Amino acid sequence: MTHFFFEFFDKKSDVDVVLTKEEFYKYTIQIAAFSDRLAALYPNQKEIATANKKRWFAENYEDYLLYKASQIK
């Protein structure tokens, strides 16, 4: 699963790559779901995992597009 996380950040930082809306949400939802697995494996980290999950579900494609536009400048 960690490959998904790194793959997302590689694509996000690559000025030549713009993810489609579907691709963007595929990454963010799968990364958020991974937080649930971490909470199950490490119950003492449940609070952190829950906060991370909420953060990933809050990711917004329009904000991502603004970020990509700022990379070009």
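Up top you'll find the structure we're talking about.
Here's a quick rundown of the structure. As the structure is a computational prediction, the values presented were derived from the model and not from experiment. (Residues numbered from 1 in each chain as written. Predicted model: local features only at pLDDT ≥ 70, side-chain atom pairs only at ≥ 80, totals over all residues. Heavy atoms only, no water.)

Inspection of every chain in the model, using the stated rule, returns 14 aromatic pairs. Each ring, one from F5 and one from W56, has its centre 5.9 Å from the other, and the planes form 75 degrees; the classification is edge-to-face. One end of the pair, F5, is in helix α1 (residues 2-13); the other, W56, is in helix α3 (residues 46-57), with 51 residues separating them in the sequence. By the ring-pair criterion, three or more aromatic residues cluster together here, those being F4, F5, F6, F8, F9, F24, Y25, Y27, W56, Y61 and Y64. The ring centre of Y67 lies 5.4 Å from the NZ or CZ of K12, which sits over that ring. (Phe/Tyr/Trp six-rings, centres within 6.5 Å; stacked < 30°, edge-to-face > 60°. Helix = DSSP H or I, 4+ residues; strand = E, 2+ residues; numbered from the N terminus. Lys NZ or Arg CZ within 6 Å of the ring centre and 35° of its normal.)

Here the focus is the packing of helix α2 (residues 21-41) against α3. Two elements in contact, α2 and α3, have axes whose closest approach is 8 Å; the angle formed by their N-to-C orientations is 170 degrees. Regarding the angle of α2 to α3, the classification is roughly antiparallel. Along the contact surface, α2 presents T28, I29, I31, A32, S35, D36 and A39, while α3 presents K46, A49, N52, K53, W56 and F57. Its residues assigned to classes, the contact of α2 with α3 comprises seven nonpolar, three polar and three charged. (Axes fitted to C-alpha atoms, helices over the stretch in contact; angles between N-to-C directions. Parallel < 35°, antiparallel > 145°, perpendicular 65-115°, else oblique. Contact = heavy atoms within 4.5 Å. Nonpolar A, V, L, I, M, F, W, Y, C, P; charged D, E, K, R; others polar.)

A few words now on α2. Taking 1.5 Å as the rise per residue, α2 with 21 residues should run 30 Å; its terminal C-alpha atoms sit 31 Å apart, in good agreement. Taken as a whole, α2 has its buried residues at F24, Y27, T28, I31, A32, S35 and A39. Projection of α2 onto a plane perpendicular to its axis shows the buried side chains occupying an angular sector of 125 degrees, all on one side. Counted as exposed and oriented over 90 degrees from the buried face of α2: E22, K26, A40 and L41. (Expected span 1.5 Å × (residues − 1). Buried < 20%, exposed > 50% of the residue type's maximum accessible area, 1.4 Å probe, protein only. Arc of directions from axis to C-beta.)

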